[in-house]
Amino acid sequence: SVVLAGAGAGILHRLNKRVKNDLSEHERYELALQKSEQRFRSQFENMIDGMAIEEIIYEENEPVDWIINDVNPAYEKILKIPREEVIGKRASTIYGSMEAIKPFLREYDHIVKTGLPITRQPHYLIKDRNVVFTAFSMGANQIAVIFNDLTEQEKVLRAEKRQRDFVETMATITSALNETMDM
């Protein structure tokens, strides 16, 4: 009976050790997951591009709308819509009608079903600005949409071009005047 007790204790000791190892491995995975989530949240909150996490709503296997699950601060800044007004809301409500979102529904459905991302310019729901957007699948009928407003950059480029054209014109006039004065 002493031998059995010793053998039983050895088995319990090895089992206890294995459980502790399994728990510490689980804890390492949990810690790695937490760090990954923190990195994603930090990138999401601090990126200069607008970003929305959206879930496509299907009825009878057809996309009918989408719900905005999360947006970053740049989304609010670029679209000038507070997150409180979009989180948990349907796109048809936010953007005014089903007709307004239909082209996006087709593209978003394609992304969900194929896993292939898309990039488009301009984003026609955003008036008077040049916004380029990329959308990609996040699995389970979810997509991420990242967009950037290029309007100000384009204004600066046009102003720089006007300035260069002015300088070139002045150089041509100056050169012509110098030639005339040399005659």
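*Asks:* Break down the pairing of strand β1 (residues 50–59) for me, with residues and values.
*Replies:* Of all the 10 residues making up β1, 7 are buried; the element is thus mostly covered by neighbouring parts of the structure. As paired elements, β1 and strand β5 (residues 142–149) share 6 bridges and run antiparallel to each other. Its bridge partner lying in β5, Ala52 is registered against Val145. Where β1 lies against strand β2 (residues 62–71), 8 bridges are found, and the strand directions are antiparallel. Along β2, the bridge assignment pairs Tyr58 with Pro63. Count of turn residues in the β1/β2 antiparallel hairpin: 2 residues, of which Glu60 carries a positive phi of about 50°.

*Asks:* Any chance you could break down the side chain of Glu54 for me, citing the residues and the numbers?
*Replies:* Relative to the helices and strands, Glu54 resides in strand β1. Arg83 provides the closest opposite charge to the buried, unpaired Glu54, separated from it by 13 Å. A distance of 3.3 Å separates polar atoms of two side chains, one belonging to Glu54 and the other to Trp66.

*Asks:* Give a detailed account of the nonpolar core, specifying residues and quantitative values.
*Replies:* Within the largest apolar cluster, 25 residues are counted, with the highest numbers of intra-cluster contacts made by Trp66, Tyr75, Tyr108, Phe133 and Phe147. Within the residue set of this core, elements represented by two or more residues are β1, β2, α2 (73–79), α4 (98–114), β4 (131–139) and β5. The greatest single-element share of this core, amounting to 6 residues, is contributed by α4. If we ignore the near neighbours within four places in the chain, the residues touching Tyr75 are Gly50, Met51, Ala52, Ile68, Lys80, Ile81, Val86, Tyr95 and Phe147.

*Asks:* Can you explain unusual backbone geometry? Please cite residues and give values.
*Replies:* Most peptide bonds are trans, and most residues other than glycine sit at a negative phi. With phi around 50°, Glu60 is a residue other than glycine that occupies positive phi space. We classify Glu60 as exposed; its relative accessible area is 82%. Within the chain, Asn141 stands out as a residue other than glycine whose phi angle is a positive 65°. Within the secondary structure, Asn141 is located in the loop between β4 and β5. Judged by relative accessible area, Asn141 falls into the partly exposed class, the value being 31%.

Reading the values: rules and limits
- Every chain begins its residue count from 1, and numbering advances along the sequence as written.
- For a predicted model such as this one, the threshold for reporting local features is a pLDDT of at least 70, and the threshold for listing and counting side-chain atom pairs is 80 or more; totals across whole chains, interfaces and linings nevertheless cover every residue.
- For side-chain calculations, the full set of non-hydrogen atoms in the structure is used, while hydrogens and water are omitted.
- The cut-offs for exposure are 20% and 50% of the maximum accessible area for each residue type, with area from a 1.4 Å probe on protein chains only; residues under the lower value are buried, those over the upper are exposed, and the others partly exposed.
- By the criteria applied, helices consist of DSSP H or I runs no shorter than four residues and strands consist of E runs no shorter than two, each listed in order from the N terminus.
- Strand pairing is assigned whenever DSSP detects at least two bridges linking the two strands.
- The charged-residue count follows a simple rule in which Lys and Arg add positive charge and Asp and Glu add negative charge, with His and chain termini not counted at all.
- A side-chain nitrogen of Lys or Arg and a carboxyl oxygen of Asp or Glu constitute a salt bridge if their distance falls within 4 Å.
- Polar contact criterion, stated in full: a pair of N or O atoms within 3.5 Å, where within protein one must be able to donate a hydrogen and the other to accept it, and residues adjacent in sequence count only if both atoms are side-chain atoms.
- Residues enter a nonpolar core if they are buried and are Ala, Val, Leu, Ile, Met, Phe, Trp, Tyr or Cys, with the set joined through side-chain atoms within 4.5 Å.
- Should any heavy atoms of two residues lie within 4.5 Å, those residues are considered in contact.

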